[in-house]
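Residue-level listing of the chains:
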Amino acid sequence: MRRISLLAAALFLALAFPSEAFSSPGATQGPDNATKTSHKADKGQKFEDWLQDYAAWDKVQESFAPDDDSPEAVLSRAGASIRLGQARRAIETLEMTPAFADNATETRRLWLGGQAWRAAGQPAKAILWFAHAAGFMDDNGLRKAFSLEPGLDDLWLDNWRKSFWSWALAPARPSVEQAALLEDSLAVAKRAWPRDPFWDQCAQALRPEGVEDRQVQGAGPQAEPKPDPSVVSDPDRVLIAKALISLSLHDFESSNASLGQVQAEALKAFWCAVAGHFRAPKAVADPSMFREANFPKPAAFWEGRLLERCAANNARWFLGDPGSSAWTKFRDNLLAMAPGEALEVIDKESASLLISSETAALLRVLRFAMGVLEDAGEYELRRSWAALDPAALPVPIKVAGLILLGPEAGPVSGPDNPLVSCLCEAAGVNLAPGVTAPFWLQASKGNLHGLARNTRPLDRLLVLADWLDQWSQRPSQYLAKRASLLFRDTGFGDKCVLYLAQEALKERDFRLAKFYTDSLDPEALGPEMCAARLEVLARIELEKGNNDKALELYRQILAIAPDAPYMVRLQYALLLQQKGELAAGRGHLLLLWERRDDLPPAIQAEVLFWLGEGEQAMGDEGAALDHYLRLAWLYPKENIWALTAMYRSAMIYEKRGNFETAKRLLHTVIKQAERKEQREAAKARLSAIEAKAGKSRAGTETGDYPF
């Protein structure tokens, strides 16, 4: 009968499929044979194209000889590499290939280069390649190609914004080459998206008159709200400058005294929060008062955590080396003097021929700082400032100079430029008034999106405020990807990168999750974010089977964040148990059980189960029973844990010879089990116990009496 069944099956397959489908591998090798075995191939489809139809990219790579440098082979190999997650390999292939003479083929090479750099996480380089490809396209072909590349419109827009901010938000224009790149990128964008008014505003901002002090009417439905003129006065601006100088000299008392005299309450609250953040970097200002007063930019400054990275680096905030006892003593002596006397000491020291160039530069900065504290005139301050390198100054002194002397005191371009620009705005000095709205602009939540998208689409803090508002309503990968590009230097940007890593982990894309975590700087993260990053890495190691590495990562998490999410401690405890460190694992599980009121019922049940298993592994079956039975009693609805605990309890009772209790527990498992495997296992165990115990004998309700 078996032989007949096999023959019948073979006959069915022969009728259902053409005989060519069962040809040997050798029968389809070579283009001649291939054309005989495929209906599509009869129409002239190449084997490589057929492989692409089925996304067999690994075989596409192998289908060309390694030394085949024909355009078709090069482009096919590069495209396959991108789709196999080997973007760097594709980039190497494309960059080492000279430009093709044929325009269509060269366009394909450049476009693939853009896709490869985009896959490698380098959007600026991707756009450069896409822009070069656009040079070979007519307008219709360009619009079609750009529309088919997913999310290219938002990527282009955000990358242009980012490049523009690094160029425009400085008192003096840095690179002419950078401006030319912005112009080129803008020209391509206007061809690709001619109806988007954003690009018209970008063109206006790039013109010389576009960065003068003027009001941009914008394309939005509403006029731009006016700033509250009472927020920043000239006396308050001087007090802020003095507070910043004192703060940079570690003179927190004088800094607080200056800020205490600021008249406008919102202004005082903002700058006191700035000073407080640098006295205690872990402190985070409450943005609610600014939000309630309809000040979107100050609220976004704190919600976006713009100060985090600067606060983590003393060299960017404080003057001199705080760890140098000689410098600390000299600085404190100066601060104890009257400003005029301090200036005399500085001038005397500066005249010495024995000091180093570094010390001389430090003294020049001190001279400007003391001049601010002494209320020196503008001429004297400008003379002192002219001797400095603004780009090398600590952020507070740089900001103090700009808010006292104006934007013409620059240039101050550098990595801190976005922060410097925001702080200057907060003191009433707008470095790019034609582009950036006043810092103390008031706008309701309903007007925020229109302001950020239409009226002031190049205002960094307004865009951040709008995206923070959207994020608070519903986080999304779409928004996280945009924010992680545009606001990468902020705490909000780090938060978005971490979110993307966690989402990639949920989708089991471990390569992408690792890419995101590797792009985060642990030194720039607070304890909570650092712990979350380590947790992603630990889960990646678990998935790869590297339990020892995962264990070490969980240990690091609990060292820096003892109050980490309960799943971290639970996973750590389980890894300790697997490693044989049962007592240590039990300690962490008991700690979780002590905090059980903060845990969901399912986790409470799981903790009890692993406590029971740990005790059983250590040979204390009595303690194991305590945990198993308490679990079954307290959490009967947590089916998998409760029934498994009852099954384990039955096995212990069976081992002890208490067959009746074991059978009752197993009957419950059989009755309530949702999975067939659970029921079958319990039935098998029950049959074994009944065979071992024999038939139950009739007796009294209190048992069988021997006499």
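Residues numbered from 1 in each chain as written. Predicted model: local features only at pLDDT ≥ 70, side-chain atom pairs only at ≥ 80, totals over all residues. Heavy atoms only, no water.

Peer 1: Lay out the overall build of the protein chain with the relevant residues and their values.
Peer 2: Scanning the protein chain for helices and strands turns up 39 helices and 0 strands. Among the 707 residues that make up the protein chain, the fraction classed as buried is 47%. At a minimum sequence separation of 6, the contacts of the protein chain that also span at least 24 residues come to 57%. A total of about 36,000 Å² of accessible surface is found on the protein chain, and carbon and sulfur atoms cover 53% of it. (Helix = DSSP H or I, 4+ residues; strand = E, 2+ residues; numbered from the N terminus. Buried < 20%, exposed > 50% of the residue type's maximum accessible area, 1.4 Å probe, protein only. Contact = heavy atoms within 4.5 Å. Areas by Shrake-Rupley, 256 points an atom, 1.4 Å probe, with all protein chains shown as cover.)

Peer 1: How would you explain unusual backbone geometry if you had to name every residue and give the values?
Peer 2: Leave glycine aside and you will find that most residues have negative phi; peptide bonds, for their part, are mostly trans. With a phi angle near 65°, Asp375 is a residue other than glycine that sits in the positive phi range. In this fold, Asp375 is placed in the loop between α22 (357–373) and α23 (378–386). A residue is classified by how much of its surface remains accessible, and Asp375, at 49% relative accessible area, is partly exposed.

Peer 1: Mind laying out the pattern of salt bridges, listing which residues take part and the relevant values?
Peer 2: Under the counting rule described, the total for this entry stands at 34 salt bridges. In this structure, the salt-bridge partner of Asp158 is Arg161, at a minimum N-O distance of 3.3 Å. With Asp158 and Arg161 both in helix α11 (residues 152–168), this residue pair falls 3 residues apart, about one helical turn. Accessibility assignment for this pair places Asp158 and Arg161 in one class, buried. Bridged by salt links that share partners, the residues Asp154, Asp158, Arg161 and Arg482 form one connected network. (Salt bridge = Lys/Arg side-chain N within 4 Å of Asp/Glu carboxyl O.)

Peer 1: Any chance you could break down the environment of Pro527 for me, citing the residues and the numbers?
Peer 2: Looking at the element boundaries, Pro527 is found in helix α31 (residues 527–543). Note: C-alpha distance between Pro527 and Ile557 (30 residues apart in sequence) is 8.8 Å.

Peer 1: Let's hear about helix α20 (residues 325–336): which residues, and what values?
Peer 2: Between its first and last C-alpha atoms α20 spans 16 Å; for 12 residues at 1.5 Å apiece the expected length is 16 Å, and the two agree. Within α20, the full set of buried residues consists of Trp327, Arg331 and Leu334. All buried residues of α20 project into a common sector of 60° when viewed along the axis, lining one side. Residues of α20 that are exposed and angled more than 90 degrees away from the buried face: Ser325, Ala326, Lys329 and Ala336. (Expected span 1.5 Å × (residues − 1). Arc of directions from axis to C-beta.)

Peer 1: Mind laying out helix α34 (residues 582–594), listing which residues take part and the relevant values?
Peer 2: Look at α34: 18 Å from first C-alpha to last across 13 residues, which is about the 18 Å you get at 1.5 Å a residue. Residues of α34 that are buried include every one of Leu582, Gly585, His588, Leu589, Leu592 and Trp593, and no others. Here the buried residues of α34 occupy an arc of 145° about the axis, which is enough to place them on one side. Along its buried surface, α34 packs onto α32 (547–560), α33 (566–578), α35 (601–617) and α36 (621–634).

Peer 1: Can you tell me about the confidence of the model for the protein chain, naming the residues and giving the values?
Peer 2: Averaged over every residue, the pLDDT of the protein chain is 81; residues scoring 70 or more account for 81%. Within the model, the stretch residues 1–42 combines pLDDT values under 50 with 15 contacts to residues more than four positions away or in other chains. (pLDDT = per-residue confidence, 0-100.)

Peer 1: Tell me about the packing of aromatic side chains, and please be specific about residues and values.
Peer 2: For the coordinates displayed, the defined rule picks out 32 aromatic pairs. On the numbers, 5.6 Å between centres and 65° between planes, the contact of Phe515 with Tyr516 is edge-to-face. Pairing Phe609 with Trp610 gives two aromatic rings, centres 5.1 Å apart and planes at 80°, and the pair type is edge-to-face. Under the relative-accessibility criterion, Phe609 is labelled buried at 3%. Trp610 sits in the buried class, given a relative accessible area of 18%. (Phe/Tyr/Trp six-rings, centres within 6.5 Å; stacked < 30°, edge-to-face > 60°.)

Peer 1: Hey, could you go over the state of the cysteines for me, with residue numbers and the actual values?
Peer 2: Applying the stated rule across the entire model yields 0 disulfides. Note on Cys422: no disulfide assigned, nearest cysteine sulfur contributed by Cys424 at a separation of 9.5 Å. By relative accessible area, Cys422 is classed as buried at 3%. Taking the relative accessible area as the measure of exposure, Cys424 reaches 0% and is therefore buried. (Disulfide = S-S within 2.5 Å.)

Peer 1: Provide a residue-level description of the side chain of Lys242, including the pertinent values.
Peer 2: Here Lys242 shows up in helix α14 (residues 234–248). Classification of Lys242 as buried rests on a relative accessible area of 15%. Side chain to side chain, Lys242 and Asp375 meet in a polar contact 2.8 Å long. Those residues in contact with Lys242 that lie beyond four places of it in its chain are Ser258, Val372, Leu373 and Asp375. (Polar contact = N/O pair within 3.5 Å; in protein donor to acceptor, adjacent residues only side chain to side chain.)

Peer 1: Please give an account of the packing of α14 against helix α24 (residues 395–405) that cites residues and values.
Peer 2: For the pair α14 and α24, interaxial distance at closest approach is 8 Å and the crossing angle is 160°. By the angle class used here, α14 and α24 are roughly antiparallel. The element α14 and its partner α24 pack so that their crossing is left-handed. Where α14 abuts α24, its residues Arg237, Val238, Ile240, Ala241, Leu244, Ile245 and Ser248 lie against Pro396, Ile397, Val399, Ala400, Ile403 and Leu404. Split by residue class, the contact of α14 with α24 holds 11 nonpolar, 1 polar and 1 charged. (Axes fitted to C-alpha atoms, helices over the stretch in contact; angles between N-to-C directions. Parallel < 35°, antiparallel > 145°, perpendicular 65-115°, else oblique. Left-handed = near helix turned anticlockwise from the far one by under 90°. Nonpolar A, V, L, I, M, F, W, Y, C, P; charged D, E, K, R; others polar.)

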